[in-house]
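Fold and contact review
Next come the chains, spelled out residue by residue.
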Amino acid sequence: MIIAVINQKGGVGKTTTTLNLGAALAREGQRVLLADLDLQRDLTAYEAAFEESGKHPDIRFASTNAQALPALLDEASDNYALLDCPPGLGDEVVAALRVADVALVPVAAEFPAVRGLARVLDLVAALRRCDNRELRLHLLVTMLDGRSPHGQTVLETLRELPSQIARCHVYETVVGRSLLFARAAAEEQSIFDFAPSSSGAAAYRDVARELLALAAPQHEAKAEVSARADTAKKTKTAGGSTP
């Protein structure tokens with residue numbers, strides 16, 4: 001499954017989500033590719049530390065761009081590819097959405113972030129019409145301050161969207177605001193390595209499990225289609241070899 005992590009705004013937790021969701025999926029037994037499409041290369045800055053630790057054999061990193069992305073994914077054998085996209089809605093984001101199964105949008109629990117979501121939704125709608133009709137939209141609330149009534153209002157607003165937008169899912173799990181994410185980033189570690197008992201680690205673990213549950217029917221459908229194609233190919237081959 002290919003997941004493009006996107007948002008028009010910066011500072012909403014795209015790289016944090018890409019890294020820690022990827023780490024959580026690996027902990028659930030999945031092989032994970034973390035692909036960095038942002039020229040700042042914040043995601044691949046973790047690569048050396050991850051390799052040196054020896055704790056993440058099922059995670060690999062790659063730096064890429066809009067032109068090289070299709071070839072990278074064609075060669076991949078991972079269960080999940082998470083594409084960390086730059087802020088904005090430029091060429092890298094469009095390229096990622098063209099090949100993605102899911103557009104995952106981290107949305108900071110603040111009203112400016114919600115207002116900026118409209119352009120993201122417009123782009124997803126445009127890609128669905130032209131290039132990727134099966135693209136699904138996932139929204140993940142991040143940086144939620146449980147003491148703020150504004151955060152809860154944002155959450156309630158977002159949870160109304162699946163009734164208005166096809167193939168849209170808002171995660172039940174929310175990621176709270178925590179300084180531990182910044183401290184983990186400073187040490188080039190995932191939240192699971194830096195603070196495994198923290199609420200942040202628990203949140204991304206639950207997001208991963210929610211994603212796996214959502215993905216299961218799609219995986220089963222693809223497996224069935226593949227099995228039917230193999231059966232048809234074998235039948236055709238057997239028929240052609242009959243004297």
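Provided above is the structure to which this section pertains.
What you see is a predicted model; the values in this text were computed from it and never measured.

Comments concerning helix 4 (residues 91–99)
All of the buried residues along helix 4 are Val93, Val94, Ala95, Ala96 and Leu97. Looking at the packing, one finds that the buried side of helix 4 touches strand 1 (2–5), helix 3 (69–75), strand 4 (80–84), strand 5 (102–108) and helix 6 (117–130).

Concerning the packing of aromatic side chains
Ring pairs (aromatic) are described by centroid distance and by the angle formed between their planes. Counting across every chain of the model gives three aromatic pairs. Joined through ring pairs, the aromatic side chains of Tyr46, Phe50 and Phe61 make up one cluster.

Topic: the layout of surface pockets
Put simply, the largest pocket is a space of about 290 Å³. What lines the largest pocket is a set of 17 residues, and nearest its centre among them are Thr16, Met143, Ser178, Phe181 and Ala182. Secondary structure elements with two or more residues in the lining of the largest pocket: helix 1 (14–27) and helix 8 (179–186). Considering every element that reaches the lining of the largest pocket, the biggest residue donor is helix 8, with four residues. When the residues that make up the lining of the largest pocket are grouped by side-chain class, the tally is nine nonpolar, seven polar and one charged. Space inside the second largest pocket adds up to approximately 190 Å³. In terms of lining residues, the second largest pocket is bounded by 14 residues, among which Gly10, Gly11, Lys14, Thr15 and Asp42 are the most central. Examining the composition of the lining of the second largest pocket, we find that three residues originate from one element, helix 1, more than from any other. Residue composition of the lining of the second largest pocket, by class: four nonpolar, six polar and four charged.

As for the pattern of salt bridges
A complete count under the given rule lists seven salt bridges for this structure. Two residues, Arg177 and Glu110, come together in a salt bridge whose shortest N-O distance is 3.0 Å. Highlighted residues: Arg177 in the loop between strand 7 (168–170) and helix 8 and Glu110 in the loop between strand 5 and helix 5 (111–115), separated in sequence by 67 residues.

Overview of the pairing of strand 3 (residues 59–63)
Relative to strand 3, strand 2 (residues 32–36) is paired through five bridges, and the arrangement is parallel. The partner of Leu34 across the bridge, within strand 3, is Phe61. For the segment spanning strand 2, helix 2 (residues 47–53) and strand 3, crossover handedness is right-handed.

A closer look at the pairing of strand 1
By the alternation rule, side chains of strand 1 split into Ile2 and Ala4 and Ile3 and Val5, which are all buried. Bridge count for strand 1 against strand 4 is four bridges, and the pairing is parallel. Looking across to strand 4, one finds that Ala4 is bridged to Leu83. With three bridges joining them, strand 1 and strand 5 adopt parallel strand pairing. Paired with Ile3 across the strands is Val102, a residue of strand 5.

Points about empty space enclosed by the protein
Applying the stated criterion across every chain, the model contains two cavities of 30 Å³ or more. Volume-wise, the largest cavity comes out at about 60 Å³. Every residue lining the largest cavity is listed: Thr16, Leu19, Asn20, Tyr46, Phe181, Ala184, Ala185, Gln189, Ser190 and Ile191. Listing elements by their share of the lining of the largest cavity, those giving two or more residues are helix 1 and helix 8.

Cut-offs and rules
- Residues numbered from 1 in each chain as written.
- Predicted model: local features only at pLDDT ≥ 70, side-chain atom pairs only at ≥ 80, totals over all residues.
- Heavy atoms only, no water.
- Buried < 20%, exposed > 50% of the residue type's maximum accessible area, 1.4 Å probe, protein only.
- Helix = DSSP H or I, 4+ residues; strand = E, 2+ residues; numbered from the N terminus.
- Contact = heavy atoms within 4.5 Å.
- Phe/Tyr/Trp six-rings, centres within 6.5 Å; stacked < 30°, edge-to-face > 60°.
- 1 Å grid on protein atoms, 1.4 Å probe; cavity = no way out; pocket = protein on both sides within 12 Å on 5 of 7 lines; lining within 4 Å.
- Points joined across faces, edges and corners; volume = space filled by probe spheres on them.
- Nonpolar A, V, L, I, M, F, W, Y, C, P; charged D, E, K, R; others polar.
- Salt bridge = Lys/Arg side-chain N within 4 Å of Asp/Glu carboxyl O.
- Pairing = 2+ DSSP bridges.
- Right-handed = clockwise from strand over helix to strand, strands pointing away.

Take it as geometry only, folks, not as evidence of what the structure does.
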